[in-house]
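Architecture at a glance
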Amino acid sequence: MSSSNPITEVSPADAPERGAAGAAFGWALLASELVVLFRRRRTIAMLLALALIPILIAVAVRLSSNEVSAGQGPPFLDRITQNGLFVGITALVVAIPLFLPLTIGVAAGDTIAGEAGLGTLRYLLVAPAGRVRLLLVKFAGAAAFCLVATLTVVITGAIIGAILFPIGPVTLLSGDTISVADSVGRSLLIALYVTVSLLGLSAIGLFISTLTTVPVGAMAATIVVAVTAQILDALPQLAWLHPWLFSHYWLGFADILRQPILWDSFSDNALLQGGYILVFGALAYGRFATKDILS
Amino acid sequence: MSDHPHSDGLAIETLELTKRFGNQTVVNAVDLRVPRGAVYGFLGPNGSGKTTTIRMLLGLAGATSGRVRVLGEDMPSRLQQVLPRVGALVEGPAFYPFLSGSANLHRLDTADRFAPGRTRTARVAEALDRVGLSHAATKKVHAYSLGMKQRLGLANALLMPRDLLVLDEPTNGLDPQGTREVRNLVRSLAAGGATVFVSSHLLAEIEQVCTHAAVMSAGSLVASGTLDELRRVGQAFVRLRTPDVDIARGVLLRLGLAPTALDEQASATDVDAATGWTVSAPLTDRSVTPEGIVASLVAANVRVRGFVVDEASLEDRFVALTGEGFDVVQ
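Residues numbered from 1 in each chain as written. Chains lettered and ligands numbered in written order. Predicted model: local features only at pLDDT ≥ 70, side-chain atom pairs only at ≥ 80, totals over all residues. Heavy atoms only, no water.

Chain B is annotated in an unreviewed UniProt entry as ATP-binding cassette domain-containing protein from Cryobacterium melibiosiphilum. Within the UniProt record for chain B, the comment given under Sequence similarities (unreviewed entry) is "Belongs to the ABC transporter superfamily." (UniProt positions renumbered as here; feature names shortened; annotations may be inferred.)

Going by what an unreviewed UniProt entry lists, chain A is known as ABC transporter permease and is assigned to Cryobacterium melibiosiphilum.

Structure, rendered in structure tokens:
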């Protein structure tokens, strides 16, 4: 530090001008958001719980003496004993309907309501964080959580699978066989697919989070929305509605396990999630941009 | 600017600022004029609309009607330009309990786009040092006492050099020692050229540091001005200690004052000069100066053993404006 009094390096009057030239967005807030999110004990506990899913599956399959026959249990379960690389995928299939939405509900529901509940929202806003910037940072944080949560399941699955089962070239749904390295790439691609799948729910959670100062309420509401969407998706009478449900493509990543990869479901899903992000992002903005912060 | 020719010298200016929640008017047509460089006391009992006003000054809440200008700029439209120059403590401190004191300040500092990351660590350390929290910098905030949180809140307001500090109840939860430190801090901030806008429901804490004050009651501004202006509105008393009670009363009567003997039974001869004041009169006519009174008394051969002008305390004025005890205007 060249100056003995660092505070005097910036005078308040010229601070805005400085910033206009330099920090246009101020990425430090995003970095801080990620650090606060992932250092938080609650986040770590949720990730540990997610990591337990593949471990439980792998250990259960390894310990059971009966051979799992094809079509029994969750998809891909029968393949685990032949190839450990399938543990992560199986765990993902198990986690998608409930465990992942549960953790995303907590992370996304907490975004604004959590800050409001602590009272830190007012201090962020008078800093000034900027309301739109704060929303963007919060959504980015929730999206990062989706990615990390999904990767936690896939990577833990790959590790425990490699420890307990043989690893080898993977036979795809299309009958082709791909190398181990290629299959790792496919696993990561599936993780990406699932991450994108969860962005719509994250946007809904962000919006709900702007409605309340009680984070638990926002979390619970987001989870209820996720469960409700899946129930509606299961009712054949509502078939017309199904393509519009954010959960409709959640388990639709089988196309990634074909050779060559079919990208249709990936793009359909991305388009749908993008629509949810736009709609609920706009709703969150409409609610939050002019909201009186009284917490 | 053209429509506010006189507002250049004001750190805060509000025009008919009003906030309604439903049909309840919480802040009613408040006109605040806070000169730059002032230490401005914002007084009022709990629930009088102080914090809501502060929230509108800082753009946290929108005004139902009226205008707000802070540091010469319209709020909230120029919020991004104004707030980096404003340090604030709003309705008590609030922090992430699972983070340490210094991690909390880091976090809030990143929210300010204009706060340079290069100096962040040094600035956080300096702000903590300034409020005497260096020893607890790495302690998690959930282990902080209320007083420590309050200091941390002040440190947050001081992370960057500021032109204006808005401190809502800064001494809340502090012990007398801490209260004195906050007063010293306010003085040093003002000495450094900053305007300090400090709210309190405890008048005594503010009276010692403020140059100006405004009093809120039930959402309306009921008085504002320099401390001297505020005091002058109140009643002053002259008190006199003398064995010559009757002559003294006569002199005061001639001057147009209405004296009362403090102890009607006490005769001129058996008054012990050490026991207290014997004549007192409300100083109703401000054209009568204290030195003029003394001169008249001496000229009339009154043995003046003690003479004092008791200005009404701001406390009396405050209570007169806002009501007493729990019986405050709602």
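Following the structure, the description resumes.
This next bit is on the overall build of chain B. Across its full length, chain B carries 11 helices and 15 strands. Residues counted as buried form 53% of the 330 residues belonging to chain B. In chain B, the proportion of contacts linking residues at least 24 apart, taken out of those at least 6 apart, comes to 69%. As displayed, chain B has an accessible area near 13,900 Å², and 51% of this comes from carbon and sulfur atoms. (Helix = DSSP H or I, 4+ residues; strand = E, 2+ residues; numbered from the N terminus. Buried < 20%, exposed > 50% of the residue type's maximum accessible area, 1.4 Å probe, protein only. Contact = heavy atoms within 4.5 Å. Areas by Shrake-Rupley, 256 points an atom, 1.4 Å probe, with all protein chains shown as cover.)

Turning our attention to the overall build of chain A. When helices and strands are tallied, chain A shows 10 helices and 2 strands. Considering chain A as a whole, with its 295 residues, one finds that 51% of them fall into the buried category. Carbon and sulfur atoms provide 70% of the accessible area of chain A, an area that totals close to 12,800 Å².

Here the focus is the interface of chain A and chain B. Taken together, the contact between chain A and chain B spans 45 residues of the former and 47 residues of the latter. Taken together, both faces of the contact between chain A and chain B bury some 3,900 Å²; the carbon and sulfur share is 62%. At the boundary of chain A and chain B, one finds 3 salt bridges. Our count for the contact surface shared by chain A and chain B stands at 17 residue pairs in polar contact (both at pLDDT 80 or more). Secondary-structure elements contributing two or more residues to the side of chain A that touches chain B are α1 (15–21), α2 (28–39), α5 (99–118), α6 (120–126) and α7 (131–164) of chain A. The element best represented in the side of chain A that touches chain B is α6 of chain A, accounting for 6 residues. (Buried area = accessible area lost by both parts, 1.4 Å probe. Salt bridge = Lys/Arg side-chain N within 4 Å of Asp/Glu carboxyl O. Polar contact = N/O pair within 3.5 Å; in protein donor to acceptor, adjacent residues only side chain to side chain.)

Across soluble globular proteins, you tend to see nonpolar side chains buried next to one another. Counting residues in each nonpolar core, the largest one holds 164 residues, and the members touching the most others are L100 and F253 of chain A together with F197 of chain B. Of the residues forming this core, the biggest block, 12 residues, is contributed by helix α8 (residues 180–209) of chain A. Core analysis: the next-biggest nonpolar cluster, separate from the first, contains 15 residues, A248, L252, V288 and L297 of chain B among them. (Core = buried A, V, L, I, M, F, W, Y, C linked by side-chain atoms within 4.5 Å.)

Another point: the packing of aromatic side chains. The way to describe two aromatic rings as a pair is by their centre distance and the angle between their planes. Inspection of every chain in the model, using the stated rule, returns 12 aromatic pairs over all chains. Relative to F197 of chain B, the ring of Y40 of chain B lies with its centre 5.7 Å away and its plane at 20°, an arrangement referred to as stacked. In this pair, Y40 of chain B is assigned in strand β4 (residues 39–43) and F197 of chain B in strand β9 (residues 195–200), connecting sequence segments 157 residues apart. The residues Y40 of chain B and F197 of chain B share a single accessibility class, namely buried. Geometry around F288 of chain A places R131 of chain A over its ring, the cationic atom sitting 5.8 Å from the centre. (Phe/Tyr/Trp six-rings, centres within 6.5 Å; stacked < 30°, edge-to-face > 60°. Lys NZ or Arg CZ within 6 Å of the ring centre and 35° of its normal.)

The subject of this paragraph is the UniProt feature "transmembrane region" (unreviewed entry) in chain A. In the numbering used here, UniProt assigns the feature "transmembrane region" (unreviewed entry) to residues 20–38, 45–65, 85–113, 134–167, 187–207, 214–232 and 269–288 of chain A. As annotated, residues 85–113 of chain A comprises 86% helix and 0% strand, and the C-alpha atoms at either end are separated by 39 Å.

Residues separated by three or four positions in an α-helix point in the same direction, a consequence of the helix having 3.6 residues per turn. Three or more residues of helix α11 (residues 314–322) of chain B are buried, namely L314, R317, F318, L321 and T322 of chain B. Within α11 of chain B, the buried residues cover an arc of 110° as seen down the axis, which keeps them to one side. (Arc of directions from axis to C-beta.)

Within the fold, R162 of chain B resides in the loop between α5 (146–157) and β8 (164–168). A distance of 2.9 Å separates the side chain of R162 of chain B from the backbone oxygen of A157 of chain B, its partner in a polar contact.

What follows is about the side chain of D168 of chain B. Residue and element names in this part refer to chain B. Within the secondary structure layout, D168 lies in strand β8. Of the side chains bearing the opposite charge, K50 lies closest to the buried D168, which forms no salt bridge; the N-O distance is 6.1 Å. At 2.5 Å, the side chain of D168 and the side chain of S199 are in polar contact. Non-local contacts of D168, meaning those with residues more than four positions away in its chain, are made with T51, I54, L89, V90, E91, G92 and S199. (Lys, Arg positive; Asp, Glu negative; His and termini not counted.)

Once that is clear, we can look at the environment of M160 of chain B. For M160 of chain B, the location among the structural elements is in the loop between α5 and β8. Remark: the alpha-carbon pair of M160 of chain B and A115 of chain B, spanning 45 residues in sequence, is separated by 7.2 Å.

Another aspect to go through is the confidence of the model for chain B. Residues and elements named next belong to chain B. Across chain B, pLDDT averages 84, with 88% of residues at or above 70. In the predicted structure, residues 1–6 sits below a pLDDT of 50 and forms 9 contacts with residues beyond four places in sequence or in another chain. Counted against residues more than four places away or in other chains, residues 264–274, with its pLDDT under 50, gives 6 contacts. (pLDDT = per-residue confidence, 0-100.)

Moving on, we come to the pairing of strand β10 (residues 212–217) of chain B. Residues and elements named next belong to chain B. With respect to burial, β10 is a largely interior element, 6 of its 6 residues being buried. Pairing analysis gives 4 bridges linking β4 to β10, with the strands arranged parallel. Counterpart to L43 in the pairing with β10 is V215. Connecting the antiparallel pair β10 and strand β11 (residues 220–226) is a turn made up of 2 residues, with A218 showing a positive phi of about 50°. (Pairing = 2+ DSSP bridges.)

Residues and elements named next belong to chain A. Locating L272 in the fold gives a position in helix α10 (residues 264–288). Overall, L272 belongs to the buried group, its relative accessible area being 12%. As a C-alpha pair, L272 and H248 span 24 residues in sequence and 9.3 Å in three-dimensional space. In contact with L272, not counting residues within four places along its chain, are P243, W244, L245, F246 and Y249.

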